[in-house]
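Inside the fold
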Amino acid sequence: MNRKGLLNTGYLVIILLSFALFTAILAGCATQGFKLRNMAGVSRYFNADKNIVWNAIIQSAEGIPVEINDREKGVLRTHWVKGWSANKTTGLLLEGHWQERCRLLIKVSEEQSRTYVSISAQVETKAPGGSQAYRWSRIPSDGTIEQEFLGKLENILGEKLR
């Protein structure tokens, strides 16, 4: 038996298995639907004092339970708000609706004579049945929630700065 040929074949099998595992991992990551967000749609500079902007943010978040409200650090985080997903169902036969929850993280910082506001949302879903019904799965935000909050903030600040 040729030991040298067997040894080379063993190395070749290890390399091929490593390559197959690496491509399987990459394919798994690619199927998660990674999407980039347009950050310009969820952040903005305002020509106003940080305290005026902070008060407008508090007014914009009225009705949403707040978990962290730190004016000094410029961080506001809401509690999770639960609802039903408008996009995901299990079909006509099972009529199951996916649960969805989201929370906002708002950061405020003062830069020169302007105030910078950054809004991001964490969104999670939970299936109506099966093993996925017991855990929340993070999904990327499409930016709609952030843009709605930013629009509300702009309206409030527009009224205050007139």
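Going by the structure above, here's the rest.
What comes next is a walk through the structure. Residues take numbers from 1 onward in each chain, read along the sequence in its written order. The model is predicted, so local features are restricted to residues of pLDDT at least 70 and side-chain atom pairs to those at 80 or more, both for listing and for counting; the totals for chains, interfaces and linings are taken over all residues. Hydrogens and waters are ignored; side-chain quantities use all the structure's heavy atoms.

1. A few points about the overall build of the chain
We count a stretch as a helix when DSSP gives it H or I for four or more residues in a row; a strand needs E for two or more, and each element gets its number in order from the N terminus. Across its full length, the chain holds three helices and seven strands. The order of helices and strands in the chain, counted from the N terminus, is α-β-α-β-β-β-β-β-β-α. Scored against the burial criterion, the 162 residues of the chain give a buried share of 25%. A separation threshold of at least 6 residues defines the contact pool for the chain, and within that pool the share at least 24 residues apart is 54%. Exposure was quantified through the Shrake-Rupley algorithm and a 1.4 Å probe, taking into account, for residues, occlusion by the shown protein chains and nothing else. Element-wise, carbon and sulfur atoms account for 56% of the exposed surface of the chain, whose accessible area totals about 11500 Å². Accessible area is worked out with a 1.4 Å probe on protein chains only. A residue is then buried under 20% of its type maximum, exposed over 50%, and partly exposed in between. The contact criterion used throughout is that any non-hydrogen atoms of two residues lie within 4.5 Å.

2. Brief notes about the pairing of strand 3 (residues 75-78)
Burial along strand 3 is one-sided: Leu76 and Thr78 are buried, while Val75 and Arg77, pointing the other way, are not. Strand direction decides the pairing type here: strand 2 (residues 66-70) and strand 3, joined by four bridges, are antiparallel. By the bridge assignment for strand 3, Asn69 is matched with Leu76. Here, any two strands with at least 2 DSSP bridges between them count as paired. Turn length for the strand 2-strand 3 hairpin, with the two strands adjacent in sequence and antiparallel, is four residues, and the turn residue Gly74 shows positive phi of about 75°. Bridge count for strand 3 against strand 5 (residues 97-111) is three bridges, and the pairing is antiparallel. When the sheet's bridge partners are listed, Val75 is paired in strand 5 with Lys107.

3. Examining the side chain of Arg101
One can find Arg101 in strand 5. Arg101 sits in the buried class, given a relative accessible area of 15%. The contact partners of Arg101, leaving out residues within four places of it in the chain, are Trp80, Val81, Lys82, Gln122, Val123, Glu124 and Trp136.

4. Observations concerning helix 2 (residues 50-60)
The complete set of buried residues in helix 2 reads Lys50, Val53, Trp54, Ala56, Ile57 and Ser60. An end-on view of helix 2 places all buried positions within 160° of arc, on one side of the element. Taking the helix axis as origin, the arc is that swept by the directions to the C-beta atoms.

5. Observations regarding the packing of aromatic side chains
Any aromatic ring pair is given by two values, namely how distant the centres are and how the planes are angled relative to each other. Only rings of Phe, Tyr and Trp enter the pairing, Trp through its six-membered ring, and a pair is recorded when the two centres are within 6.5 Å. The plane angle decides the type: under 30 degrees is stacked, over 60 is edge-to-face, the rest tilted. Tallied over the entire structure, the rule returns one aromatic pair. Two limits define a charge over a ring: the Lys NZ or Arg CZ must be within 6 Å of the ring centre, and within 35 degrees of the ring normal. The lysine or arginine in question, Arg114, covers the ring of Tyr45, its NZ or CZ lying 4.1 Å from the ring centre.

6. Re the side chain of Lys126
Looking at the secondary structure, you find Lys126 in strand 6 (residues 114-126). In this count, Lys and Arg are taken as positive residues and Asp and Glu as negative ones, while His and the chain termini are left out. Think of a salt bridge as a Lys or Arg side-chain nitrogen and an Asp or Glu carboxyl oxygen that are within 4 Å of each other. No salt bridge is formed by the buried Lys126; the nearest opposite charge belongs to Glu124, separated by 8.8 Å. In this structure, Lys126 is in contact with Trp98, Gln99, Gln132, Ala133, Tyr134, Arg135 and Trp136, ignoring residues within four places of it in sequence.

7. Brief notes about the pattern of salt bridges
Applying the stated criterion across every chain, the model contains five salt bridges. Glu67 is the partner of Arg77 in a salt bridge, and the nearest nitrogen-oxygen pair spans 2.8 Å. Of this pair, Arg77 sits in strand 3 while Glu67 is found in strand 2, placing the two residues 10 residues apart along the sequence. Glu67 gets classed as partly exposed once you look at its relative accessible area, which sits at 36%. Residues joined by salt bridges that share partners form a network here, namely Glu67, Arg77 and Arg103.

8. With respect to unusual backbone geometry
We note that Gln112 has phi near 55°; this positive angle belongs to a residue other than glycine. Looking at the element boundaries, Gln112 is found in the loop between strand 5 and strand 6.

9. Observations regarding the environment of Asn55
Tracing the backbone shows Asn55 in helix 2. When its relative accessible area of 34% is taken as the criterion, Asn55 is described as partly exposed. In sequence terms Asn55 and Arg71 are 16 residues apart; their C-alpha atoms lie 9.5 Å from each other.

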